[in-house]
Amino acid sequence: QVQLVESGGGVVQAGGSVRLSCAASRSPLSTYAMAWFRQAPGKERDIVAGISWNGGTTYYTDSVKGRFTISRDNAKNTVYLQMNSLKAEETAVYYCAAARWRGVGGTARNYDYWGQGTQVTVSS
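Predicted model only: the values in this text are computed from it and were never measured.

As a further point, take the nonpolar core. Membership of the largest hydrophobic core comes to 29 residues, with the highest contact counts inside it found for Leu4, Met34, Trp36, Leu81, Met83 and Tyr94. Secondary structure elements with two or more residues in this core: strand S3 (18-25), strand S4 (33-39), strand S5 (46-51), strand S7 (68-73), strand S8 (78-83), strand S9 (92-99) and strand S11 (118-123). What Tyr94 contacts, discounting residues up to four positions off in sequence, is Glu6, Leu20, Trp36, Phe37, Arg38, Val48, Leu81, Met83, Gly117, Thr118 and Val120. Counting eight residues, the second largest nonpolar core, distinct from the first, contains Ala35, Tyr95, Ala97 and Tyr111.

Turning our eyes to something else, we now look at the sheet that holds S3. Spatial strand order, S1-S3-S8-S7: four strands in an open sheet with antiparallel pairing. Unpaired on one side and paired on the other, strand S1 (3-7) and S7 mark the two borders of the sheet. On average, each strand axis in the sheet is tilted by 15 degrees relative to the strand beside it, whichever way the strands run. Pairing geometry for S7 and S8, over six bridges, is antiparallel. Bridge pairing links Ile70 to Leu81 in S8.

With that out of the way, let us pick up the pairing of S3. Strand direction decides the pairing type here: S1 and S3, joined by five bridges, are antiparallel. Bridge pairing in S3 places Val5 opposite Ala23. One ladder, built from six bridges, connects S3 with S8; its direction is antiparallel. Following the sheet pairing, Ala23 is matched in S8 by Thr78.

The rules behind the values
- Residues numbered from 1 in each chain as written.
- Predicted model: local features only at pLDDT ≥ 70, side-chain atom pairs only at ≥ 80, totals over all residues.
- Heavy atoms only, no water.
- Core = buried A, V, L, I, M, F, W, Y, C linked by side-chain atoms within 4.5 Å.
- Buried < 20%, exposed > 50% of the residue type's maximum accessible area, 1.4 Å probe, protein only.
- Helix = DSSP H or I, 4+ residues; strand = E, 2+ residues; numbered from the N terminus.
- Contact = heavy atoms within 4.5 Å.
- Pairing = 2+ DSSP bridges.
- Axes fitted to C-alpha atoms, helices over the stretch in contact; angles between N-to-C directions.

Next comes the structure, spelled out in structure tokens:
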């Protein structure tokens, strides 16, 4: 079983950048597909970006394409989400998730392990 811990959230002005990290313990990340989700108050938890187990394939939801970048360093057991040109409506709790499946992207139902989340607040 893998344990995930996110970090890097905080308050940023609209148009700014934030880099989130997700560190894994108890199990190597190299066998898992990974993703970042976000959930705003009163809304569902939606996928933002996903990456295959070897980093060869990535997925982005349309609204973040060209602004966000997901990456992974299996040697460091860490996954990252670089977020640029942030918008106020992207204020949410951001979650890291790991899946045993061999796909990329998907929905929350595809993921087996979750971090506790990190708050990102974008001020306008």
